[in-house]
Amino acid sequence: MRFRIIGHPDLDQQVPQVLATDPNQGPLAVAKIRALLESIDEGAADLEPAPVAQQSWETGVIVHAQRDDEATSGPVPAQVAIYVFEAWGLRFAIARVEVPGDAVIGALLLVETQAVAAKGLTSRNLSLALLAKVEELVWPI
């Protein structure tokens, strides 16, 4: 299987907010999140830190996919696992999306500070919000 990492368009807006929250540790936290994302190709069983919550959808999720050699996108069934982490002063969720064939694509989404997280969505609601974003994206496979 091929593993590719993509970012959601919101990611470019989220990272500066993370860095502004803690200018000393922010860049290190972002680097650690990226390293964690790169190790998620086999799932979250051996990840450090371990996710505080996870949710999976084996069926029932349709994503928009576009093949590298085609200009149009179309619906494709997908397996989605979402992992919620609380580490490095942040709460963040990672979606692991597997489509039929040889593509496993991970997307880093929804980064927020733990202070904001404490006032906001529960882990389950964060997972559902992330699933909605996964279904909005056009996934390059």
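None of these values were measured; they are calculated from a predicted model.

### Focus on the overall build of the chain
Inference 1: Secondary structure assignment for the chain yields four helices and six strands.
Inference 2: Starting at the N terminus and walking to the C terminus, you meet the elements of the chain as β-α-α-β-β-β-β-α-α-β.
Inference 3: Within the chain, the fraction of its 141 residues that count as buried is 45%.
Inference 4: Partitioning the intrachain contacts of the chain with sequence separation of at least 6 by distance along the chain shows that 62% fall at a separation of at least 24.
Inference 5: Counting only carbon and sulfur atoms, one obtains 51% of the accessible surface of the chain, whose full area is about 7,400 Å².

### Here we look at the pattern of salt bridges
Inference 1: Applying the stated criterion across every chain, the model contains one salt bridge.
Inference 2: Ionic pairing is found between R96 and E98, a salt bridge with its closest N-O pair at 3.5 Å. As far as burial versus exposure is concerned, R96 and E98 are alike and both buried.

### Here we look at the side chain of S127
Inference 1: Its place among the elements puts S127 in helix α4 (residues 123-136).
Inference 2: When sequence neighbours within four positions are dropped, the list of residues in contact with S127 reads Q55, W57, I82 and V84.

### What about the environment of V97?
Inference 1: Looking at where V97 falls in the secondary structure, it is placed in strand β4 (residues 90-98).
Inference 2: For V97, a relative accessible area of 1% translates into the label buried.
Inference 3: Distance from V97 to A78, taken between C-alpha atoms, is 6.6 Å for residues 19 residues apart in sequence.
Inference 4: With sequence-adjacent residues up to four places away left out, V97 is seen in contact with A78, Q79, V80, A103, V104, I105, V134 and W139.

### As for the environment of S73
Inference 1: Counting through the fold element by element, S73 comes out in the loop between β2 (53-66) and β3 (74-87).
Inference 2: The spacing of S73 and V138 is 65 residues in sequence and 7.2 Å in space, taken between C-alpha atoms.
Inference 3: Setting aside chain neighbours within four positions, we find S73 in contact with A65, Q66 and V138.

### Considering the pairing of β3
Inference 1: In this structure, β2 lies alongside β3, joined through 10 bridges in antiparallel fashion. Note on β3: the bridge partner recorded for Q54 is Y83.
Inference 2: With nine bridges connecting them, β3 and β4 associate as antiparallel partners. Of the residues in β4, the one forming a bridge with Y83 is I94.
Inference 3: In this structure, the hairpin formed by β3 and β4 is closed by a connection of two residues, where W88 is found at a positive phi of approximately 60°.

### Side note on the nonpolar core
Inference 1: Core analysis: the largest hydrophobic core is formed by 23 residues, its most contacted members being V63, V80, I82, V97, V99, V134 and W139.
Inference 2: Elements supplying a minimum of two residues to this core: β2, β3, β4, β5 (103-113) and α4.
Inference 3: It is β3 that provides the largest number of residues to this core, a total of five residues.
Inference 4: Those residues in contact with V80 that lie beyond four places of it in its chain are Q55, S56, W57, V61, R96, V97, L131 and V134.
Inference 5: Formed by 14 residues, the second largest nonpolar core is a distinct cluster that contains A29, Y83, L90 and F92.

Cut-off values and rules
Note on numbering: residues in each chain are counted from 1, in written sequence order. Local features in this predicted model are restricted to residues of pLDDT 70 or higher, and side-chain atom pairs are both shown and tallied only at a pLDDT of 80 or more, whereas totals for entire chains, interfaces and linings draw on every residue. Only heavy atoms go into the side-chain values, all of them from the structure, while hydrogens and water stay out. Counting from the N terminus, the helices are the DSSP runs of H or I reaching at least four residues and the strands are the DSSP runs of E reaching at least two. Three exposure classes are used, based on accessible area relative to the maximum for each residue type with a 1.4 Å probe and protein chains only: buried under 20%, partly exposed in between, and exposed over 50%. Throughout, a residue-residue contact means that at least one pair of heavy atoms, one from each residue, lies within 4.5 Å. Areas reported as accessible are Shrake-Rupley estimates using a 1.4 Å probe. Residue values count occlusion only from the protein chains shown. The salt bridge definition used is simple: a Lys or Arg side-chain nitrogen within 4 Å of an Asp or Glu carboxyl oxygen. A pair of strands is labelled paired if DSSP reports no fewer than 2 bridges between them. Take the buried Ala, Val, Leu, Ile, Met, Phe, Trp, Tyr and Cys residues and link them wherever side-chain atoms come within 4.5 Å; each set so joined is a nonpolar core.

Without other data, these values stay purely geometric and don't point to any function.
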